[in-house]
Amino acid sequence: MKPHSRSTTRNLVAVGLAASLALVAGCTKSEDGDASDKASAASDGGGQQVAAGGDGKTCAIGDYGADKLDLKNSVVGFSQSEKEANPFRIAETASIKAEAAKRGVKLLTANAQSQFSKQISDVQDLIARGAKLLVIAPLNSDGWEPVLQSAAAKKIPIITIDRQINATACKDYVSFIGSDFVKQGERAADQLIAATGGKGEIAILLGAAGNNVTTERTKGFEGRIKAKAPGLKVVFKQTGEFTREKGQSVTEQLIQSKPGIKAVYAENDEMGLGAVNALKGAGKKPGDVKIVTIDGTRNAVQGIADGWISAVIESNPRFGPLAFTTLDSFTQGKPVGEDIVIQDSQYTTANAKADLGKAY
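Residues numbered from 1 in each chain as written. Predicted model: local features only at pLDDT ≥ 70, side-chain atom pairs only at ≥ 80, totals over all residues. Heavy atoms only, no water.

(A) How the structure looks around the side chain of Asn351. Structurally, Asn351 is set in the segment after strand S14 (346–348). Note on Asn351: relative accessible area 19%, which makes it buried. (Helix = DSSP H or I, 4+ residues; strand = E, 2+ residues; numbered from the N terminus. Buried < 20%, exposed > 50% of the residue type's maximum accessible area, 1.4 Å probe, protein only.)

Here it is in structure tokens:
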């Protein structure tokens, strides 16, 4: 199966969607919040918008080999990859559920709890339960052949969000909707260069292995550092598995092994917040070690206001409106983008306090 690759500038939007892309839905739930926040997790903040440009590759229902459907009368299955302790996942699931409810669409959901074998069985179960369309937030990029075969046998369209699968667009799945992760890494590097003056020893807290987000955020960051700031040296690189606990423990090791470390690039907010905890435990003061991270959670943006984090590159999790708009257009026979890239903002000391309400 030939992997579907994307350039850092590929930004596709479904034909006919232009009037629908000023999207709403957000999240105020942080890992430190309470359960009541989940009920309103899609009510605040900024919605996703599609980035301008693109190479024109689209997919229509005839090309995919599926039949036209009435979305409102169809069952949609949503497979979440990770437990909803991470604010990104909370906001993502809440946005999908809120948009389904808004449109009157029956939604079946499953959560793989960070177990890839469970996610495969989850999606197959969604198909068995009558899902005619699938929205998948993949845990890993590889290993999806059993699901793709099952979906193809029943002509079930698949949209993946926030992570890609290594398969062929408009053959194995319809569209991928997500951020330009290489660009995110580049923007994080720019912020770290500014925070450090372009010199010193730096560390990378890698995301979980086996998915394109980690690979591309690393590629973008390291490439930009090499090109623009050769005085910054990556002397430590270890996975924090996208979790706060692992980010803290890895940073504790970092402080012991590299006491002169000047900055940390964390490939998501949770690991960055874990790094903050480790620095506090080591008696460091805000700003002693510069931290740049990616996501846009409320706790991380507050970390900028408190002086512990230098910048946060946004990765918007509010996929519901765009995912269902894409499904609706596709099932009506309109062509949609194979690779729909969303536009992300960023938080710095200049806007963190004013824009805290936009964080999730």
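Read on, since the account is not over.
(B) Local environment of the environment of Pro335. On the secondary structure map, Pro335 appears in the loop between helix H10 (320–331) and strand S12 (336–337). A sequence separation of 276 residues divides Pro335 from Cys59, and the C-alpha atoms of the two residues are 5.1 Å apart.

(C) Examining the sheet that holds strand S4 (residues 133–136) more closely. An order of S3-S2-S4-S5-S6-S13 is seen for the 6 strands of this open sheet, with the pairing classed as parallel. Two strands lie at the open edges of the sheet, namely strand S3 (106–111) and strand S13 (339–341), each paired on one side alone. This sheet shows a mean twist of 20° between the axes of neighbouring strands, independent of strand direction. Of the strand pairs in this sheet, strand S6 (residues 175–178) and S13 are connected by 3 bridges, and their pairing is parallel. Looking at S13, one finds that Ile177 is bridged to Ile340. (Pairing = 2+ DSSP bridges. Axes fitted to C-alpha atoms, helices over the stretch in contact; angles between N-to-C directions.)

(D) Up close: the pattern of salt bridges. All chains considered together, the criterion is met by 18 salt bridges. Salt-bridge contacts for Asp190 lead to Arg224; the nearest nitrogen and oxygen are separated by 2.7 Å. Taken as a pair, Asp190 in helix H5 (residues 181–196) and Arg224 in helix H6 (residues 212–228) lie far apart in primary sequence, 34 residues in all. Residue Asp190 is classed as partly exposed on the basis of its relative accessible area of 26%. For the salt bridge of Glu222 with Lys237, the shortest nitrogen-to-oxygen distance reads 2.8 Å. Here Glu222 is found in helix H6, whereas its partner Lys237 is found in strand S8 (residues 232–239), with 15 residues between them in sequence. The class of Glu222 is partly exposed, set by a relative accessible area of 29%. Look at the salt bridges and you will find they share partners, linking Glu82, Arg89, Glu92, Asp162 and Arg163 into a network. (Salt bridge = Lys/Arg side-chain N within 4 Å of Asp/Glu carboxyl O.)

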